[in-house]
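Next come the chains, spelled out residue by residue.
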Amino acid sequence: MIILPSAYMPSVEYVARLLRQECVIDLGENYIKRSQRNRTSILSANGVMALTVNVENANRMRQPMRDVKIDYSKRWQHQHWVSILSAYKSSPYFDHYAAEIEPFYRKEWRYLVDYNCEYTEKLLKLLGVASSSLPLSERYVVAAADDYDLRPKQKNDSTFVAEPYFQVFSDRLPFAANLSVLDLLMCEGPSAVDSILMRCQL
């Protein structure tokens with residue numbers, strides 16, 4: 001089984017594992033700052049750009065993920081949406097998906113896990129994946145010996161490999177692997193799910 005953390009605009013690897021392997025998303029773990037729980041990467045004209053959701057009490061030790069609240073005192077939603085516009089407005093499928101994505105930068109969610117889950121479900125829907133609900137665990141998942149645990153902040157032994165695809169700035173920048181699945185969706189549209197299922201090696 002693959003154990004995943006809650007993730008903001010999850011990566012291509014994260015979605016590939018959700019679609020192709022038995023997974024559980026652990027909502028019972030503790031929050032780890034500067035991780036995929038509240039951070040993602042997109043490709044801008046200047047290279048890979050990190051986008052971070054501001055949270056309250058980010059430095060609090062052993063804070064349960066279920067209790068992490070989003071901080072709206074800074075305009076991170078506006079900054080993220082402007083960055084997405086700048087990065088993908090010229091992509092082949094931006095006009096097709098923009099209206100579905102924009103509400104996640106207008107509406108306010110109280111808890112990070114609720115925001116992440118709803119956003120992930122929306123991205124899966126846009127990929128054309130029929131899913132009744134995400135495989136969530138409200139209690140901490142104790143990893144068995146044969147489980148693949150992707151909760152640690154750094155995972156150096158990942159077996160994930162994805163073949164390159166055409167990205168918006170491919171004419172000036174090298175291929176950037178394993179960005180948010182939003183990058184793949186904006187570039188490949190309805191074919192994105194085929195790229196995940198057929199071109200990603202796990």
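Because the structure is a prediction, the values reported are computed rather than measured.

On to the pattern of salt bridges. Summed over all chains, the structure comprises ten salt bridges. With its nearest N and O atoms 3.0 Å apart, the salt bridge here joins glutamate 13 to arginine 17. Pair noted here: glutamate 13 and arginine 17 are both in helix α1 (residues 12-20), with a separation of four residues, about one helical turn. Judged by its relative accessible area of 10%, glutamate 13 is buried. Taking the relative accessible area as the measure of exposure, arginine 17 reaches 2% and is therefore buried. Of the charged contacts, one joins arginine 151 and aspartate 26 as a salt bridge, the two residues approaching to 2.6 Å between their closest N and O atoms. Separated by 125 residues along the polypeptide, arginine 151 in the loop between β6 (148-149) and β7 (161-162) and aspartate 26 in strand β2 (residues 23-26) bring together distant segments of the chain. You'll find arginine 151 and aspartate 26 in the same group, each marked buried. Through salt bridges with shared partners, a single ionic network connects Asp26, Asp149 and Arg151.

This next bit is on the nonpolar core. Membership of the largest hydrophobic core comes to 61 residues, with the highest contact counts inside it found for Met9, Ile84, Tyr88, Tyr105, Tyr115, Tyr119 and Leu127. Here the element with the most residues in this core is helix α4 (residues 112-126); it accounts for eight residues. Not counting chain neighbours up to four residues away, the residues in contact with tyrosine 105 comprise Tyr8, Met9, Trp76, Gln77, His80, Trp81, Ile84, Tyr115 and Tyr119.

Moving on to the environment of asparagine 30. Note that asparagine 30 resides in the loop between β2 and β3 (39-44). Owing to a relative accessible area of 26%, asparagine 30 belongs among the partly exposed residues under this scheme. The sequence separation of asparagine 30 and aspartate 114 amounts to 84 residues, and the corresponding C-alpha distance is 15 Å. Every residue in contact with asparagine 30, bar those within four places of it in the chain, is listed here: Arg37, Arg62, Gln63, Pro64 and Met65.

What follows concerns the pairing of β3. Relative to strand β4 (residues 47-52), β3 runs antiparallel, the two sharing six bridges. By the bridge assignment for β4, isoleucine 42 is matched with methionine 49.

Right, let's talk about the environment of serine 191 for a bit. Here serine 191 lies in the loop between α5 (181-188) and α6 (192-199). Residues serine 191 and leucine 127, 64 residues apart in the sequence, show an inter-C-alpha distance of 8.2 Å.

Applying the stated rule across the entire model yields 14 aromatic pairs. Their ring planes at 25° and their centres at 5.9 Å tell us that tyrosine 72 and tryptophan 76 sit as a pair that is stacked. We classify tyrosine 72 as partly exposed; its relative accessible area is 22%. Judged by its relative accessible area of 1%, tryptophan 76 falls in the buried class. Taken together, a centroid distance of 5.9 Å and an interplanar angle of 75° make the contact between tryptophan 76 and tyrosine 115 edge-to-face. Separated by 39 residues along the polypeptide, tryptophan 76 in helix α2 (residues 76-88) and tyrosine 115 in helix α4 bring together distant segments of the chain.

Throughout the structure, instances matching the rule amount to two cavities of 30 Å³ or more. Estimates place the volume of the second largest cavity at around 30 Å³. If you go around the second largest cavity, the residues you meet are Ser6, Ala7, Tyr14, Ile25, Asn116, Cys117, Thr120 and Leu134. The element contributing the most residues to the lining of the second largest cavity is α4, with three residues. Split into classes, the residues belonging to the lining of the second largest cavity amount to five nonpolar, three polar and no charged.

On to the confidence of the model for the chain, then. For any part of a model where pLDDT is low, the fine detail of the predicted coordinates should not be relied upon. Mean pLDDT for the chain: 92, with 94% of residues reaching 70 or above. For the chain, the element scoring lowest by mean pLDDT is strand β8 (residues 200-201), at 67; α2 scores highest, at 98.

Rules used throughout
- Residues numbered from 1 in each chain as written.
- Predicted model: local features only at pLDDT ≥ 70, side-chain atom pairs only at ≥ 80, totals over all residues.
- Heavy atoms only, no water.
- Salt bridge = Lys/Arg side-chain N within 4 Å of Asp/Glu carboxyl O.
- Helix = DSSP H or I, 4+ residues; strand = E, 2+ residues; numbered from the N terminus.
- Buried < 20%, exposed > 50% of the residue type's maximum accessible area, 1.4 Å probe, protein only.
- Core = buried A, V, L, I, M, F, W, Y, C linked by side-chain atoms within 4.5 Å.
- Contact = heavy atoms within 4.5 Å.
- Pairing = 2+ DSSP bridges.
- Phe/Tyr/Trp six-rings, centres within 6.5 Å; stacked < 30°, edge-to-face > 60°.
- 1 Å grid on protein atoms, 1.4 Å probe; cavity = no way out; pocket = protein on both sides within 12 Å on 5 of 7 lines; lining within 4 Å.
- Points joined across faces, edges and corners; volume = space filled by probe spheres on them.
- Nonpolar A, V, L, I, M, F, W, Y, C, P; charged D, E, K, R; others polar.
- pLDDT = per-residue confidence, 0-100.

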